[in-house]
Amino acid sequence: MAKSKMHKPAQDADNIIKLALYIRVSTDRQAEEGYSIEVQTERLIAFSKTLDGEVSYELYIDDGFSGASLERPAMQRLVLDAKNKAITHVCVYKLDRLSRSQKDTLHLIEDVFLPNNIAFISVQESFNTSTAFGRAVVGILSVFAQLERENIYERTRSGMQKRVEAGFWPGGGGVPFGYDYDLERGILVPNSDADTVRHIYALYLKGYSLQNIANLLGLKYEKLASQIMLRKTNIGIIEYNGVEYRGQHEPIVSTEIFERAMA
């Protein structure tokens with residue numbers, strides 16, 4: 001394979017190019033689309049072999065972390081190593097592997113990498129920040145990455161809104177205690193903890209304190225009993241963005257029992 005003529009990475013005092021190969025996958029779908037950990041690793045290592053001079057590399061892998069935030073273990077380690085000048089070069093397979101936020105991308109490049117004389121390369125887009133053109137392209141591509149992320153968010157939010165209006169659970173985690181989420185049907189289904197929910201209401205209406213209820217039912221703390229009892233999902237209601245919708249799921253308690261407990 002011919003040596004790359006696109007860039008000449010910085011070297012440390014020992015004339016060794018120290019590459020930080022950053023790899024990220026947030027979902028199984030991304031892996032299926034060709035962004036798996038294995039694929040990114042293979043292509044970045046192959047790229048490192050095209051560079052002139054003595055090269056050493058270290059992998060920084062965030063598996064299952066969104067690119068919407070920099071709060072990722074490997075990313076935090078990368079930033080620390082960059083500030084300590086333990087690396088000379090950061091390399092990613094594709095720009096959005098670094099971040100999907102324009103603000104975060106520019107922060108990393110302009111406030112972390114460049115001040116520490118660290119070159120940044122995205123293999124897929126074929127550019128690097130050791131040139132003025134490369135720095136300009138990074139800014140442009142970051143804008144489009146941010147735009148795409150916002151478009152995806154808007155489409156997702158619109159889809160969730162329509163699902164909730166039809167009585168389906170919006171998904172995205174946060175399944176209430178006493179229910180499981182049936183992915184195929186798109187609704188909540190009472191599970192074995194539903195009896196515990198019923199007991200909370202029954203004991204409360206008999207005059208038991210929330211602390212006594214928590215102790216009797218093995219709940220970790222008093223506030224948990226209160227949080228469970230206040231959830232309107234228990235009577236078949238889904239609350240989304242401050243609005244209530246009639247859900248298609250089976251209620252755990254009747255509306256009468258819920259209202260008596262609230263009173």
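Given the structure is predicted, the values throughout are model-derived calculations rather than measurements. (Residues numbered from 1 in each chain as written. Predicted model: local features only at pLDDT ≥ 70, side-chain atom pairs only at ≥ 80, totals over all residues. Heavy atoms only, no water.)

Asker: With reference to specific residues and values, describe the overall build of the protein chain.
Answerer: Within the protein chain, the secondary structure is distributed over 10 helices and 9 strands. The buried share of the protein chain, reckoned over its 263 residues, is 43%. Of the contacts formed within the protein chain by residues at least 6 apart in sequence, a portion of 60% connects residues at least 24 apart. When the accessible surface of the protein chain is totalled, it reaches about 14500 Å², and 51% of it is carbon and sulfur. (Helix = DSSP H or I, 4+ residues; strand = E, 2+ residues; numbered from the N terminus. Buried < 20%, exposed > 50% of the residue type's maximum accessible area, 1.4 Å probe, protein only. Contact = heavy atoms within 4.5 Å. Areas by Shrake-Rupley, 256 points an atom, 1.4 Å probe, with all protein chains shown as cover.)

Asker: Residue-level account of the nonpolar core, with values.
Answerer: Core analysis: the biggest nonpolar cluster contains 26 residues, and I200, Y201, I213, L219, M229 and I252 have the highest contact counts within it. Looking at this core, the elements with two or more residues in it are α7 (194-205), α8 (210-217), α9 (222-230), β8 (237-240) and α10 (255-262). It is α7 that provides the largest number of residues to this core, a total of 5 residues. Not counting the four nearest positions on each side in its chain, Y201 is found in contact with I228, M229, L230, R231, N234, V253, I257, F258 and A261. In terms of nonpolar packing, the next biggest core, distinct from the first, is built from 22 residues, I87, F113, F120 and F127 among them. (Core = buried A, V, L, I, M, F, W, Y, C linked by side-chain atoms within 4.5 Å.)

Asker: Give a detailed account of α8, specifying residues and quantitative values.
Answerer: For α8, the complete set of buried residues consists of L210, I213 and A214. Viewed end-on, α8 has its buried residues packed into an arc of 100°, placing them on one side of the element. In this structure, α8 carries N215 and L216 as exposed residues pointing more than 90 degrees from its buried face. As for α8, its buried residues are in contact with α7 and α9. One or two positions beyond α8, positive phi appears at G218, with a value near 75°. (Arc of directions from axis to C-beta.)

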